[in-house]
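# Reading the structure
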Amino acid sequence: MTLSRRRFLQNSIKSVILLGMGNALPAFMPAGFTLPSKKDVKLRFALASDGHYGEPKSDYAALHKEMTGWLNAEAKGRGLDFVMVNGDVFHNDPVFLPEAKIVWDQLKVPYYVSHGNHDRTEESHWEQVWGTPFDHSFTKKDAGFIVLNTADVKGEYTGPDLERTKALLDKYKSYQHLFVFMHITPVKWTKYGIDRPDIVELFSRQQNLKAIFQGHDHDEDGMREKEGKYYFWDAHVAGTWGTAYKGYRVVEILKNGSVLTYQTDPSAARQVNNNRIA
């Protein structure tokens, strides 16, 4: 039976991942587990990637309207503190950058963006539009968030700048929770990933780093583990390839210190992730 939107947000979820306080990743909650009460949630955010606004043969305008509508419904329902748009905001031609911003400005909550390999514009232009450079960071309550650039303005995959990453990780080492957003995974798990063992090593040493979130691979919507850290994808907003559905990921930081994250297919009102992780 197809769940209604309200039941999708409120009913039992088989796909919730519970990340503990350290590097251990406990099992999924058993079937029948319900979402925690809203009063137990300290911070809640969503991630959506790869809108490729302006890509030929993609119905990008309609898909962006649909996605912002879904996210606004999420915010109105269980609530969102912010949305992260994790790279490839537009497709190659910077003429589409201001247009893409107009669409994302329809969100009813604050949002942030990361620079992707198809976001081919100079950093000065990017900063003029968004108000942030390619690499930046912010805080929400007692959580730190780092946004790392992974490509140059021509679209070449570079991975993050090592020294800048070190400095940002050090800046937030005293926070209870730390999360990293970056468009391209630093491990060659996928056809379009790259290997950056130096970056992975930095992540593995950062005790308070709870998760790394990435986009880029439109056909990925799950989790991989590397050296005790967890890397999550969220499918895609638009584009001409990838998962059959267009989706987003939700993250909830609870007052007891645990973190929940789950991938959604809003068109079918279903949770995508439904595996147990020991």
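Just above, that's the structure.
First, a word on scope: everything that follows refers to the structure included in this document. All residue numbers refer to position in the chain's written sequence, counted from 1. For this predicted model, a pLDDT threshold of at least 70 governs which residues receive local features, and a threshold of 80 or more governs which side-chain atom pairs are given and counted, while totals over whole chains, interfaces and linings are taken from all residues. Only hydrogens and water are set aside when side-chain values are computed; all heavy atoms of the structure are taken into account.

### Points about the pairing of strand S3 (residues 82-86)
With five of five residues buried, S3 is to be regarded as a mostly interior element. Each residue's exposure class comes from its accessible area (1.4 Å probe, protein chains only) as a fraction of the maximum for that residue type: buried when under 20%, exposed when over 50%, partly exposed otherwise. Working definition: helices are DSSP H or I runs of at least four residues, strands are E runs of at least two. Numbering for both runs from the N terminus. Burial of the side chains of S3 extends over both faces: Phe82, Met84 and Asn86 are buried on one face and Val83 and Val85 on the other. Sheet topology note: the strand S2 (residues 41-48)/S3 ladder contains four bridges and is parallel. Following the sheet pairing, alanine 46 is matched in S3 by valine 83. In the classification by handedness, the crossover that spans S2, the intervening helix H2 (residues 60-77) and the parallel S3 is right-handed. Here, strands pair whenever DSSP counts at least two bridges between them. Relative to strand S4 (residues 111-114), S3 is paired through four bridges, and the arrangement is parallel. Paired with valine 85 across the two strands is valine 113, which belongs to S4. Each parallel crossover has a hand, and the one from S3 via helix H3 (residues 97-104) to S4 is right-handed. Handedness of a crossover is defined as follows: with both strands directed away from the viewer, a clockwise route from the first strand across the helix to the second makes it right-handed.

### A few points about unusual backbone geometry
The phi dihedral of aspartate 50 is positive, around 60 degrees, even though this residue is not glycine. Following the sequence through the fold, aspartate 50 ends up in the loop between S2 and H2.

### Observations regarding helix H6 (residues 197-205)
Of all the residues in H6, the buried ones are Ile199, Val200, Leu202 and Phe203. Taken down its axis, H6 places every buried residue within 160 degrees of arc, on the same side. Away from its buried face by more than 90 degrees, H6 exposes Pro197 and Arg205. What the arc measures is the spread of directions leading from the helix axis to the C-beta atoms.

### Quick word on the side chain of histidine 91
Relative to the elements of secondary structure, histidine 91 occurs in the loop between S3 and H3. Here histidine 91 falls in the buried class, since its relative accessible area comes to 14%. By the criterion applied in these results, polar contacts are pairs of N or O atoms within 3.5 Å in which, for protein atoms, one can donate a hydrogen and the other can accept it, and in which residues neighboring in sequence qualify only through two side-chain atoms. A polar side-chain atom of histidine 91 sits 3.0 Å from a polar atom in the side chain of histidine 52. Leaving out residues up to four positions away in the same chain, histidine 91 has contacts with His52, Tyr53, Gly54, Glu55, Pro56, Phe96 and His118. We call two residues contacting when some pair of their heavy atoms lies within 4.5 Å.

### Side note on the pairing of strand S5 (residues 136-140)
A one-sided burial pattern is seen for S5, the buried positions being His136, Phe138 and Lys140 and the unburied ones Ser137 and Thr139. In terms of strand pairing, S5 meets strand S6 (residues 143-148) through five bridges, oriented antiparallel. Residue pairing for S6: serine 137 is matched across the bridge by isoleucine 146. The hairpin formed by S5 and S6 contains two residues between the paired strands, and lysine 141 there has a positive phi angle of roughly 55 degrees.

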